[in-house]
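Descriptive structure summary
Single-letter residue listing:
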Amino acid sequence: CLIYRRCRKLVIDCKVSRSQPPEMGNPVSKGAPPPSHGITPKTSVSFFMNGRPVVVTGAAPVLTLNEWIRDQPGLKGTKKMCGEGGCGCCVVAVTRLDPVTQEEATIAINSCLCPLYSVEGWHITTVEGIGSSSAGFHPIQRELAQHNGSQCGYCSPGFVMNMYSLLQQDHRPTQQEIEDAFDGNICRCTGYRPILDAMKDFAVDADAGSSIDIEDLGAKVCPHSRGPCRGRQLCGKARLEASETDPQWYRPSSLTELFEILGNNPERRIKLLAGDTGRGVFKVPEDFDIFIDLKGIPDLYQSEVTDSTLVVGGAVPLTNLISLLQANQEKSSTFEHLASHLLKIANVPVRNVGTWAGNLMLTHDNDNFPSDVFTVLAAVGASITIASSSFLDQPHGLTGQSLGACCQAFHSDYPQWAYRSMSLWAFLQQEMANAVIVSLAIPFVPSGVVFRSFKIMPRAQNAHAYVNAAFRMELEPGSSTVQGKPSFVYGGINAHAISASATEAYMEGKELKDPYTLKGALESLEKELVPNSPPAAASAQYRKSLAISLFYKFYLSAISTHVSPRVRSAAFPHQRPLSQGSYSYSTKQAEYPITEPMTKMTALLQTSGEAQYTTDIPIQPAELAAAFVLTTQANAKITKIDPSKAEQMPGCFKVLTAADIPEGGHNNFLPYSDEFAPEEVLAKDFSEYAGQAVALVLADSQENAARIAQVVEVQYQVVGQPLLTIEEAIRAGSFFGKGPGVLTVGDAKAAIANSAHVIQGEISCGSQYHFTMETQTTLCLPEDDSYTVHSSTQWPALTQASVANVLGIPSSSVDVSVKRIGGAYGSKITRCHQIAAACALGAHVAKRPVRMHMDIDTNMKMVGKRFPHYASYTIGSTAEGVINGIEAEVYNDSGWSPNDGDGSLVACVNNIDNAYHVPNWLVTYRSCKTNNASNTSCRSPGTLPAIFISESMMDHLARSLNKNVEDVKKANLYQQGQVLPSGMPLKYCHITALWDQLYQSADVAVRMEEATAFNQANRWRKRGINMMPIRWGMAWAGVPYSVHLSVFRGDGTVAIVHGGVEVGQGINTKVIQVATKMLGIPMSLIKIKPTNTLTSANDQATGGSLTSELVCQGTINACKELNDRIQPVRDKHPGVSWQELMQLCYQEGIDLTTRSHIFERTQYDLAYNSYGTACTEVEVDVLTGQTEILRVDILFDCGQSINPEIDVGQVHGAFVMGLGYWLTEKLIYDKDSGQLLTHNTWEYKPPCSQDIPVDFRVELLKNAPNPVGVLGSKCVGEPPMCLSCSALFAVKRAVDSARDEIGKSGFFPLSGPATVESIQQACLVDPSQFFF
């Protein structure tokens, strides 16, 4: 529980917080210095890091454990991304005495939410502490790597440490327990399937031969020597040191000491905390004078089971509360349901350090926080006890609230009249100045009481509720008559939880089996539920419909034995089965290591945290940190930029504006004038969009820079209402270019006019944040006559040009290097150069190294995202559904700049046919100018919306003809020899064969019949199945890459530098496989060096799924050249080893370095086409819109894969990223200011591990080498994402069934994303349909 006070007001504010007092005889604290007495401010903290004692002195109290860890040499494995406890990449293991059970326990925590001073006496283990390349890898690290569970690798240490913590606590977890444990870890690359498979090998119920026996889960290695820990004390350093203006830190050991501290500091701003995880929800400015750590107060951790209640201390974490409820569930009929609901709050690491009291205080002090704790506890009639020094000034009992019965034995160190017990409803009105929640009393409820609770959220895990609800109702013995007044509690309807009091009163004494009782209750709820409209919330209409639907579910559960079988499924919660997956492919052993399935070469370095990313490069001497100042108003003149207050803040070096760009430099980070329009590094006169960079703060730490940036004052003169959508831009005539582009094939107008069947429609799909686990990052070092730039960039050559252009120096004076990237998906092709240029500007001005590691808020607000698209269309077909012609208008939202937008729009238009032959086309297209960030490439840009538009048209056509959608699709599939709209003949087209193969292997016909039968048997749960094809064209003409290969004569080892960038796609591993095959040497002799602008000058960006193939071709060419050079020596000395041969070649003066340059030319725009099919089956809860993806079958043409293990992983990851785009990821903007409202992990929801298919089957088309591909391969990184919209269309089939039930048959458009709100609203749920 986190408590803070401003101006004499105390408020507990915590998402979910936790405490572990080492004073309670903590055996793991032995050897650490004793903590300071509670009344004395702390200036040091003692703990253990990877087995070594640590003493940190003089650190700033605002410093987090994550910040301290990452500042230490050799401890970069613990990552930071969101800083909110929402991604899991910062997870570490903590071993300490459990404050409730008094037993030693290990838990996973988010180090980004943990204040450093709060870890007194803890044993902290990071990923370096369990295994390494020199000391030996931990079994978890090995399993994750060997299952291909690490692609970009940035999130891997967090997954490893979460699993390590689980196994430390339970050596024999089940597969289900393991799967449930990863609700707090996000992976954007892998699609989770290989990660879960790896972790389940540790399960006690794993398949025979899979379960792993771990002899020593607690082994520690020294993070410095990489050998066994010797236990020397480490005097840890804190980069962010305390200053005179920093707050003090106290740790009282009793409530008496707590209130003494409060009483001694009546005018100071005070923050009380135990876990401080509240910053993950409400990022409160760190403007306090005093921090008070509550971990040392034993009273707050006690629990007691009385004859009628379970009493729990205020600092008891949610994890422990859940355990207490589960252990005592036989005492109360509500406890099992309560525990189940509390497991849906946040995630495992947050629940481990979060308290129920802190969760309550979040809703007490903040509007529109839908506290699950409040909702469920209020419904069961729980009460809380509060201690306050202000109660001492009141006569005993003056408040009219009775003293809690538990206080006598529960709270002994403070006068009893300082306590008050009250209901949760009274607590919402209670002034909390000088008060703290000390205990909770949950009453036992007899079996005659019906209790159910619900939480409807945007995804399956780790999300706040759109609406939560809890219902308690007692029935007369042996009957279905309501006895007494029930309790109906809702969260998410208004600013705070509400009780449906009118409906509660109506239900008293009613007979539930009487249909009029239900009718009256629904009418009552319709009247008294009046939802508010918070800016980023689901619509009031949906939340009201949802609230009424949840009551209906509860009502059915109360009389479940008397309801119709067709509605019974609504009475019981859906239980997700244990997920599973399978995959298959063909290989050619004679070609190994080509076609060999193998783990990425650096996977173990990633899972052990040893792989270095840009932000992991060690801190440089005199290094400064940078952060952007962002505008907050779109479409406005900038009238003033005032940094004066900011520059007075501690840690500030300087605030830069566009005026600081040197003479000869240009305020433009996209200097290729033949490709790009100018974009400012720092806006000077006009704010095109809210979130545009206007200034740059240089400070002594990244945390200080971010804080200081919030203080810079920017004033505006609003020009007009911002344009934020395509529809608004079309109405305003806001476009780029002189006119629309046109694609014409045949005569579409005539073909449509002469068709037997004509339809018209429109469809749209939204934007998507890339959600890279490594945000935009750069380190720029000024040299004597140049700049060295380490950038997380997909296009080093443009990064080089950008820095040179802004500083006004030659490109030859800029050296750019990138080793690997922690996720990209297109976000670091053009957008990263603004960050690099800004850091270079800072380095130029300060003459010091400058680094920027963007926080997620800045990254989401400032950086462009996927292009939204809108299309209207007219289709003419035969009566059988064979298309004659299509006329369409297509628009995209480029944002405020045309950069990247034109190429994406052209790609959309060129792929709008997907896999269907349409003889006549007329497509006009335009790029819209809006007041959004300049949008950019995002995995399969253009092609993804094109295929969605195509599938929407096919769905519309089939529904309008009342024909099976799959039959209509198959009738229009391309056949070999037909011609694309671009003029390319399809010489190798086999999409019909793939279609037929998947149709049979996935049992589509049988499953469709089963889905139909299921839908007929269930009114409120519907299943849908969709099958779809894709054609994905590979265009690599005119894209340059280079490969530089060097052999070292001393030992014959080989170093390769190529123009591609390792972003998780496995390019380096494939290059090594190719070089090994070509040179005939072991893979161990070959290393890939970081991409740089010296050896890879002028190379194109990594992207478009083409880089791996072209770089592999370049590697082939370089190896051939080397082989040709050394062949004469080989002929003269047959049988010598490779090492000997290289020495002989050196002696004969042969150059052992080769360079290959690739610049392919093709006859047509496309080099070849990839094909694939997918079948997706879903089950939709009609009443809520929640969707379970039951099964996905994918058959993908990858040619002859160079590495099928890597390529299967790409299929998994691309498809699941697409599931997020189509189902859960929605961006919301403020209509007046243009500010992005969904700019963090609290509001933006990519898929979690239980959002993936329950059954996920992937097959790479076997024995199908690509005749025109590199080594017979085809691209794989992006095409499978285009198959993911099959999930949306499967949902649409389910919704069709729901609409058919009420006579609303016929076509309706379902645009993306199809969120739970969109789905439920599309089902046209109406309480008048509710029956039993």
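Above: the structure in question.
Computed from a predicted structure; not experimentally measured. (Residues numbered from 1 in each chain as written. Predicted model: local features only at pLDDT ≥ 70, side-chain atom pairs only at ≥ 80, totals over all residues. Heavy atoms only, no water.)

What to know about the overall build of the protein
Just so we agree on the cut-off: Comment: elements are numbered from the N terminus, with helices defined as DSSP H or I runs of at least four residues and strands as E runs of at least two. In this setup the radius of gyration rests on C-alpha atoms only. A globule is expected at 2.2 Å times the number of residues raised to 0.38. Every residue pair with non-hydrogen atoms within 4.5 Å of one another is taken to be in contact. Just so you know, the count uses Lys and Arg for positive and Asp and Glu for negative, and it drops His and the chain ends. For the purpose of locating charges, the reference atoms are NZ of Lys, CZ of Arg, CG of Asp and CD of Glu.
Of regular secondary structure, the protein possesses 36 helices and 44 strands. Over its C-alpha trace the protein gives a radius of gyration of 31 Å, about what one expects of a compact globule, namely 34 Å for 1332 residues. In terms of principal-axis extent, the alpha carbons of the protein reach across some 100 × 75 × 70 Å. For the protein, long-range pairs separated by at least 24 residues make up 79% of all intrachain contacts whose partners lie at least 6 apart in sequence. In the protein, the 108 positive side-chain charges and the 131 negative ones have mean positions that sit 1 Å from each other.

Observations concerning a negative patch on the surface
Note the threshold: By definition, no residue in a patch forms a salt bridge, and every one has over 30% relative accessible area; like charges are joined within 9 Å, nonpolar side chains (Val, Leu, Ile, Met, Phe, Trp, Tyr) within 5 Å. Each accessible area is a Shrake-Rupley estimate made with a 1.4 Å probe; only the visible protein chains count as cover when residues are assessed. When a carboxyl oxygen of Asp or Glu lies within 4 Å of a side-chain nitrogen of Lys or Arg, that pair is called a salt bridge.
On the surface, a cluster of negative charge is contributed by Glu177, Asp180, Asp205 and Asp207. Its location among the elements puts aspartate 180 in helix 4 (residues 175–180).

Some words on helix 15 (residues 515–528)
Quick note on the threshold: Helix span is expected to be 1.5 Å times the residue number reduced by one. Think of it in three bands: residues with accessible area under 20% of the maximum for their type are buried, residues over 50% are exposed, and the middle band is partly exposed, with areas taken using a 1.4 Å probe on protein chains only. Polar contacts, as counted here, are pairs of nitrogen or oxygen atoms within 3.5 Å of one another; within protein the pair requires one atom able to donate a hydrogen and one able to accept it, and residues that are adjacent in sequence qualify only if both atoms are side-chain atoms.
The end-to-end C-alpha separation of helix 15 is 20 Å, in line with the 20 Å expected for 14 residues at 1.5 Å each. Of all the positions in helix 15, only Thr517, Leu518, Gly520, Ala521, Leu522, Ser524 and Leu525 are classed as buried. A side-chain oxygen of the first residue of helix 15 lies 2.9 Å from the backbone nitrogen of tyrosine 516; this N-cap is aspartate 514.

Focus: the sheet that holds strand 39 (residues 1086–1088)
Convention followed: At least two bridges found by DSSP between two strands are what make those strands a pair. Convention adopted: a line fitted to C-alpha atoms gives each axis, helices being fitted over their contacting stretch, and angles between N-to-C directions are expressed from 0 to 180 degrees.
Taken in spatial order, the four strands of this open sheet run 39-38-37-41, and their pairing is mixed. In this open sheet, the two strands that pair with only one neighbour each are strand 39 and strand 41 (1153–1159). Each adjacent strand pair in this sheet contributes to an overall mean axis angle of 20°, direction not counted. Bridge count for strand 38 (residues 1054–1058) against strand 39 is three bridges, and the pairing is parallel. The partner of isoleucine 1056 across the bridge, within strand 39, is isoleucine 1088.

Regarding the nonpolar core
Counted only if it meets this: Put simply, buried Ala, Val, Leu, Ile, Met, Phe, Trp, Tyr and Cys residues joined by side-chain atoms within 4.5 Å make one nonpolar core.
Tyr490, Phe551, Trp1138 and Ile1194 are the most contacted members of the largest nonpolar core, which has 237 residues in total. Ranked by residue count, the leading element in this core is helix 16 (residues 540–558), at eleven residues. Excluding residues that lie within four positions of it along the chain, isoleucine 1194 makes contacts with Leu998, Thr1173, Ala1174, Val1211, Phe1215, Phe1256, Arg1257, Val1258, Glu1259 and Leu1283. Counting residues in hydrophobic clusters, the runner-up holds 47 residues, among them Ile661, Ala693, Trp795 and Leu841.

Considering helix 16
With 19 residues, helix 16 extends 27 Å from end C-alpha to end C-alpha; this agrees with the ideal 27 Å at 1.5 Å per step. Burial runs high along helix 16: 17 of the 19 residues are buried.

So, the packing of aromatic side chains
Two measures describe an aromatic ring pair: the distance that separates the ring centres and the angle between the ring planes. In plain terms, the rule: Here a Phe, Tyr or Trp ring, Trp counted by its six-membered ring, pairs with any other such ring whose centre lies within 6.5 Å, and the pair is stacked when the planes are under 30 degrees apart, edge-to-face when over 60, and tilted otherwise. Note on geometry: a ring has a charge over it if NZ (lysine) or CZ (arginine) is within 6 Å of the ring centre and within 35 degrees of the ring normal.
This model, assessed by the stated rule, comprises 37 aromatic pairs. Between the aromatic rings of tyrosine 555 and phenylalanine 1332, the centroid separation amounts to 6.0 Å while the plane-to-plane angle is 35°, which identifies the pairing as tilted. Separated by 777 residues along the polypeptide, tyrosine 555 in helix 16 and phenylalanine 1332 in the segment after helix 36 (1316–1322) bring together distant segments of the chain. For the pair formed by tyrosine 555 and phenylalanine 1332, the shared burial category is buried. Members of the aromatic cluster, each reached through a chain of ring pairs, are Phe454, Phe471, Phe488, Tyr490, Phe551, Phe554, Tyr555 and Phe1332. A cation over an aromatic ring shows up here: arginine 820 above the ring of tyrosine 613, its NZ or CZ 5.8 Å from the ring centre. Seen from the ring of tyrosine 1221, arginine 866 lies directly overhead, with NZ or CZ sitting 5.0 Å from the centre.

Notes on the pairing of strand 29 (residues 777–782)
With five of six residues buried, strand 29 lies mostly within the body of the structure. Taken together, the five bridges between strand 29 and strand 30 (residues 787–791) define a ladder with antiparallel strand orientation. Across the sheet, proline 782 pairs through a bridge with tyrosine 787, a residue of strand 30. Once strand 29 ends, the chain turns through four residues before running back antiparallel as strand 30.

Here's the deal with the packing of helix 22 (residues 796–807) against helix 23 (residues 832–846)
Selection criterion: Roughly parallel means an angle under 35 degrees; roughly antiparallel, over 145; roughly perpendicular, 65 to 115; everything else is oblique. Crossing handedness follows the turn of the near helix against the far one: under a right angle anticlockwise gives a left-handed crossing, and clockwise gives a right-handed one. Amino acid classes used here: Ala, Val, Leu, Ile, Met, Phe, Trp, Tyr, Cys and Pro are nonpolar; Asp, Glu, Lys and Arg are charged; the rest, including Gly, are polar.
Their axes nearest at 9 Å, the elements helix 22 and helix 23 cross at an angle of 45°. As summarised for this structure, helix 22 and helix 23 are arranged oblique, according to the angle between their axes. Remark: the crossing between helix 22 and helix 23 carries right-handed chirality. Where helix 22 approaches helix 23, its residues Leu798, Thr799, Ser802, Val803, Val806 and Leu807 are matched on the opposing element by Cys832, His833, Ala836, Ala837, Ala840, Leu841 and His844. For the contact of helix 22 with helix 23, the per-class residue count stands at nine nonpolar, four polar and no charged.

Details of the packing of helix 8 (residues 335–342) against helix 11 (residues 372–379)
Remark: helix 8 packs on helix 11, axes separated minimally by 10 Å, with the N-to-C direction vectors making an angle of 170°. Here helix 8 lies roughly antiparallel to helix 11, going by the angle between them. Taking contact as the criterion, the partners of Leu338, His341 and Leu342 in helix 8 are, on helix 11, Asp372, Val373 and Val376. For the contact of helix 8 with helix 11, the class distribution of residues is four nonpolar, one polar and one charged.

Here's the deal with the pattern of salt bridges
Throughout the structure, instances matching the rule amount to 47 salt bridges. Across the pair lysine 969 and glutamate 951 runs a salt bridge, and its minimum N-O distance is 2.6 Å. With lysine 969 in helix 27 (residues 965–971) and glutamate 951 in helix 26 (residues 943–961), this residue pair connects regions lying 18 residues apart in the sequence. Take glutamate 951: its relative accessible area is 1%, and that puts it in the buried class. In this structure, glutamate 1301 engages lysine 1022 in a salt bridge whose closest nitrogen and oxygen atoms are separated by 2.5 Å. Taken together, the residues glutamate 1301 in helix 35 (residues 1285–1301) and lysine 1022 in strand 36 (residues 1021–1034) connect sequence positions 279 residues apart. The exposure class of glutamate 1301 is partly exposed, given its relative accessible area of 30%. Overall, lysine 1022 belongs to the buried group, its relative accessible area being 0%.

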